[in-house]
Amino acid sequence: MAMDKITEALTRRVAKTTSRRSLLTLIGGAITGAAAFPVLPVSRAYAAANPAHGGAGGGIAPQPTGNPQDPGDQASCDYWRYCAIDGFLCSCCGGTASTCPPGTEMSPITWIGTCLNPADNRSYIISYNDCCGKSSCGRCLCNRNEGDRPMVRPQENNDINWCLGTSSAIYNCSTAVILGVALEK
């Protein structure tokens, strides 16, 4: 009961000393200020330095292959197989570097790249397949264009939606499947 009386007294005092317009102005200013707070440079700098809070990597745990012949983190854009990838990494979306997440379908139409494996200093032919059927994963966006060709050579261009060969043209993520060792020049 005491809390009710204190709240009533406080509310009456505010009503006597302020107008409705000034109170609405204060509330509006507080809401606007609160909405602008996340865009301050300090907040963005903190997020970039802390992956678990939306910065680089999006808080995805490292996914090493465990194979010394296939070194690197499959959830990182710096993974050697991703030298010509463009899209969300399936390894961050429930799949792996070479398999699609459940509920998606791998496109039979691909683009290819040749990436250097740092473990053996050999180049490998990589097939980049889009996984289709669900809306974009939205995690671990990676856009590397090493060896990308103009649109006159579409099989070597990563800017096309390659889901046209599946039952659904909705893009989810991209994989990087090793096809074999590239021939020496």
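Now for a quick tour of the structure. From a predicted model like this one, the values you see are computed outputs, not experimental measurements.

1. Looking at the overall build of the protein
Here is step 1: Along its length, the protein carries three helices and six strands.
Here is step 2: Residues classed as buried in the protein amount to 31% of the 185 residues present.
Here is step 3: Taking contacts inside the protein between residues at least 6 apart in sequence as the whole, the part at least 24 apart equals 65%.
Here is step 4: Here the protein has roughly 11,600 Å² of accessible surface; of this, 61% comes from carbon and sulfur atoms.

2. Regarding the pattern of salt bridges
Here is step 1: Considering all chains together, one arrives at two salt bridges under this definition.
Here is step 2: With its nearest N and O atoms 3.0 Å apart, the salt bridge here joins arginine 12 to glutamate 8. You can see arginine 12 and its partner glutamate 8 sitting in helix H1 (residues 2–17), four residues apart, about one turn around the helix.
Here is step 3: Classification of glutamate 8 by relative accessible area gives partly exposed; the value is 42%.

3. Some remarks on unusual backbone geometry
Here is step 1: Its identity as a non-glycine residue notwithstanding, asparagine 121 has a phi of 55°, on the positive side.
Here is step 2: As for its placement among the helices and strands, asparagine 121 is situated in the loop between strand S3 (111–117) and strand S4 (122–132).

4. Some remarks on the side chain of aspartate 70
Here is step 1: Looking at the element boundaries, aspartate 70 is found in the loop between helix H3 (41–49) and strand S1 (86–88).
Here is step 2: Aspartate 70 gets classed as buried once you look at its relative accessible area, which sits at 9%.
Here is step 3: A distance of 2.8 Å separates polar atoms of two side chains, one belonging to aspartate 70 and the other to arginine 81.
Here is step 4: Look past the residues within four positions of aspartate 70 in its chain and what remains in contact with it is Thr65, Tyr79, Trp80 and Arg81.

5. Re the environment of asparagine 172
Here is step 1: Inspection of the secondary structure assignment puts asparagine 172 in strand S6 (residues 171–181).
Here is step 2: Each C-alpha atom of the pair asparagine 172 and cysteine 131 lies 5.6 Å from the other, and the pair is 41 residues apart in sequence.

6. As for the state of the cysteines
Here is step 1: Evaluation of the coordinates by the stated rule reveals seven disulfides.
Here is step 2: A sulfur-sulfur distance of 1.9 Å marks the disulfide that ties cysteine 83 to cysteine 115. For the disulfide bridge between cysteine 83 and cysteine 115, the dihedral angle about the S-S bond is near -85°, and by the sign convention the bridge is left-handed. Here cysteine 115 lies in strand S3 and cysteine 83 lies in the loop between H3 and S1, a separation of 32 residues in the sequence. One exposure class covers both cysteine 83 and cysteine 115, and it is buried.
Here is step 3: Shown here is the disulfide that connects cysteine 100 with cysteine 131, its sulfur atoms set 1.9 Å apart. As the torsion about the S-S bond is roughly -85°, the cysteine 100-cysteine 131 disulfide counts as left-handed. In this pair, cysteine 100 is assigned in the loop between S1 and strand S2 (105–106) and cysteine 131 in strand S4, connecting sequence segments 31 residues apart.

Procedures and definitions
- Residues numbered from 1 in each chain as written.
- Predicted model: local features only at pLDDT ≥ 70, side-chain atom pairs only at ≥ 80, totals over all residues.
- Heavy atoms only, no water.
- Helix = DSSP H or I, 4+ residues; strand = E, 2+ residues; numbered from the N terminus.
- Buried < 20%, exposed > 50% of the residue type's maximum accessible area, 1.4 Å probe, protein only.
- Contact = heavy atoms within 4.5 Å.
- Areas by Shrake-Rupley, 256 points an atom, 1.4 Å probe, with all protein chains shown as cover.
- Salt bridge = Lys/Arg side-chain N within 4 Å of Asp/Glu carboxyl O.
- Polar contact = N/O pair within 3.5 Å; in protein donor to acceptor, adjacent residues only side chain to side chain.
- Disulfide = S-S within 2.5 Å.

This is a description of form; function is not addressed.
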